[in-house]
Amino acid sequence: MRAVGYLDGEFAVTEVADPPAPGPGQVRIAVAACGICGSDLSMAEDAGRFVRVAADSGYPLATFDIARPVVLGHEYAGTIVETGSGVTDFAVGDRVAGIGLATEADTGIPTIIGYSNDYHGAFGEHIVVDSVWVRHVPDGLSLEHATLAEPLHVGEMHVQQSGLRAGDSALVIGCGAIGLGAIIAAKAHGAGVVVASEPSPKRRALALAVGADVAVDPTEQDPIQVWNTLVAERNSLVDPGAVGTLIAYECSGRPGMLDTLMHGLPFDSRIQVLAAGFATETIVPVVGQFRRIAVNFGHGPYEDAYDITLRRLASGEIDAEAIITGRVGLDGVADAFTALRAPDEHVKILVLPERR
């Protein structure tokens, strides 16, 4: 099949072997569109470190042989073209999207499509995934817009895990797709004040459009101080009866951000880490203890995060087209990765395998 292969820091459009035939409980999908994820950017920047960190963590879902090509892409939507045995919820022709996991037949170990030498990602014409992670795309929602359910649901998942309650406040650091998802979810769960921190003007505008109360350029203002000032002045945004707990949602992955938040947040705040970097991070643990700061990297229950997000997209509650800032065919993948490393103009770029 035609796909974009990645090897040794380079992308190339090429013919690659088809993914394995669908096994029990699996489906083959003709890809209509796939978003470029921040983790794809991290992998392409240093594949060796990406795989070493995953392996050292005992995380088999993202380990592969970096000396062999891979086809990235897991934020997919498309049409089912083949079903494996035991699949009863889907049929050929169904429009679907979902989370890109496939259980390897030889090992029984799940893998994230795109971070596997055999189970290709969706920067190609076809993928094979476990049907348990697949969802029907509601009528009226385009397949391109449906791709946003995967990145945006990360925000819903982490807001649930953070324990945010009505009246708490949210500080969202970084307003790419995951940060925007956190803003949407925080507001939906009753956050009183949402402060967004983002250096890109385009992304700050989107943060306000999806529900942030204030959007701050961190190169000009300290977002924590902005929140402190709102509370001290009893700004009209702040409920005079209660301000709740301030929860920082770290969606930037910037080195040093965790340490900055631990030193700067008010006592008894919480940090929820959504975008975790692959580089070594230095913190002073006692600072968190002194300031009674809880840090959560993704522990805790959540329910129906993907389905909730897909319904929000289908209802029009989320302006999907505003978040999609670019579309490329397979030939444009390399340039798209370059553009996203300096994201002044882009939030989410979609790869359309059939575009010529």
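Residues numbered from 1 in each chain as written. Predicted model: local features only at pLDDT ≥ 70, side-chain atom pairs only at ≥ 80, totals over all residues. Heavy atoms only, no water.

Per an unreviewed UniProt entry, the protein chain is named Sorbitol dehydrogenase, and its organism is Nocardia cerradoensis. Its UniProt record gives the protein chain the following Cofactor (unreviewed entry) comment, quoted word for word: "Zn(2+)". Note on the protein chain: under the UniProt heading Sequence similarities (unreviewed entry), the record states "Belongs to the zinc-containing alcohol dehydrogenase family." (UniProt positions renumbered as here; feature names shortened; annotations may be inferred.)

### A few points about the packing of aromatic side chains
Counted by the stated rule, this structure contains five aromatic pairs. Aromatic pair Phe123 and Phe337: ring centres 6.3 Å apart, planes at 85 degrees, arrangement edge-to-face. Placement of Phe123 in the loop between β7 (110–112) and β8 (126–130) and of Phe337 in helix α12 (residues 333–340) is noted, with a sequence separation of 214 residues between them. Among the residues examined, Phe123 registers a relative accessible area of 0% and is labelled buried. A connected cluster of aromatic rings, assembled from ring pairs, spans Tyr6, Phe11, Phe123 and Phe337. (Phe/Tyr/Trp six-rings, centres within 6.5 Å; stacked < 30°, edge-to-face > 60°. Helix = DSSP H or I, 4+ residues; strand = E, 2+ residues; numbered from the N terminus. Buried < 20%, exposed > 50% of the residue type's maximum accessible area, 1.4 Å probe, protein only.)

### Quick look at the side chain of Arg28
Looking at the element boundaries, Arg28 is found in strand β3 (residues 26–35). Judged by relative accessible area, Arg28 falls into the buried class, the value being 11%. Sequence-distant contacts of Arg28, defined by excluding residues within four places in its chain, comprise Asp18, Pro19, Pro20, Ala21, Pro22, Thr79, Ile80, Val81, Glu82, His126, Ile127 and Val128. (Contact = heavy atoms within 4.5 Å.)

### Remarks on helix α2 (residues 47–56)
By the burial criterion, the buried members of α2 are Ala47, Gly48, Phe50, Val51 and Ala54. Buried residues of α2 fall within an arc of 165 degrees about the axis and therefore sit on the same side. Turning to α2, the residues buried within the fold contact β1 (2–7) and α1 (38–45). Remark: Gly58 follows α2 within two positions and exhibits a positive phi of approximately 70 degrees. (Arc of directions from axis to C-beta.)

### Brief notes about the domain arrangement of the protein chain
What the domain assignment lists for the protein chain is domain 1 (2–137 + 319–351) and domain 2 (152–296). Domain 1 and domain 2 are separated by 29 Å when their C-alpha centres are compared. Domain 1 puts 14 residues into the contact, and the matching count from domain 2 is twelve residues. Here domain 1 and domain 2 share an interface that buries about 1,100 Å² over both sides, 69% of which is from carbon and sulfur atoms. Ranking the residues of domain 1 by area buried against domain 2 places Arg49, Ile323 and Val347 at the top, with a combined share of 43%. Seen at the junction of domain 1 and domain 2, the total is zero salt bridges. The tally of links between domain 1 and domain 2 comes to five residue pairs in polar contact (both at pLDDT 80 or more). Looking at the side of domain 1 that touches domain 2 element by element, the count peaks at three residues for α2. Taken together, the residues of the side of domain 1 that touches domain 2 break down into seven nonpolar, three polar and four charged. (Domains from an automatic or database assignment. Buried area = accessible area lost by both parts, 1.4 Å probe. Salt bridge = Lys/Arg side-chain N within 4 Å of Asp/Glu carboxyl O. Polar contact = N/O pair within 3.5 Å; in protein donor to acceptor, adjacent residues only side chain to side chain. Nonpolar A, V, L, I, M, F, W, Y, C, P; charged D, E, K, R; others polar.)

### As for unusual backbone geometry
Positive phi, close to 55 degrees, is recorded for Arg292, a residue that is not glycine. With respect to the element layout, Arg292 can be found in the loop between α9 (285–291) and β15 (294–296). Taking the relative accessible area as the measure of exposure, Arg292 reaches 48% and is therefore partly exposed. Phi is positive for Asp304, which is not a glycine, with a value near 60 degrees.

### Observations concerning the pairing of β1
Where burial is concerned, most of β1 is hidden: five out of the six residues are buried. Two strands pair when backbone bridges link them, and β1 and strand β2 (residues 10–15) are joined in this way by six bridges, in the antiparallel orientation. Within β2, the residue paired with Ala3 across the bridge is Thr14. The antiparallel hairpin formed by β1 and β2 contains two residues in its connecting segment, where Asp8 sits at a positive phi of about 55 degrees. (Pairing = 2+ DSSP bridges.)

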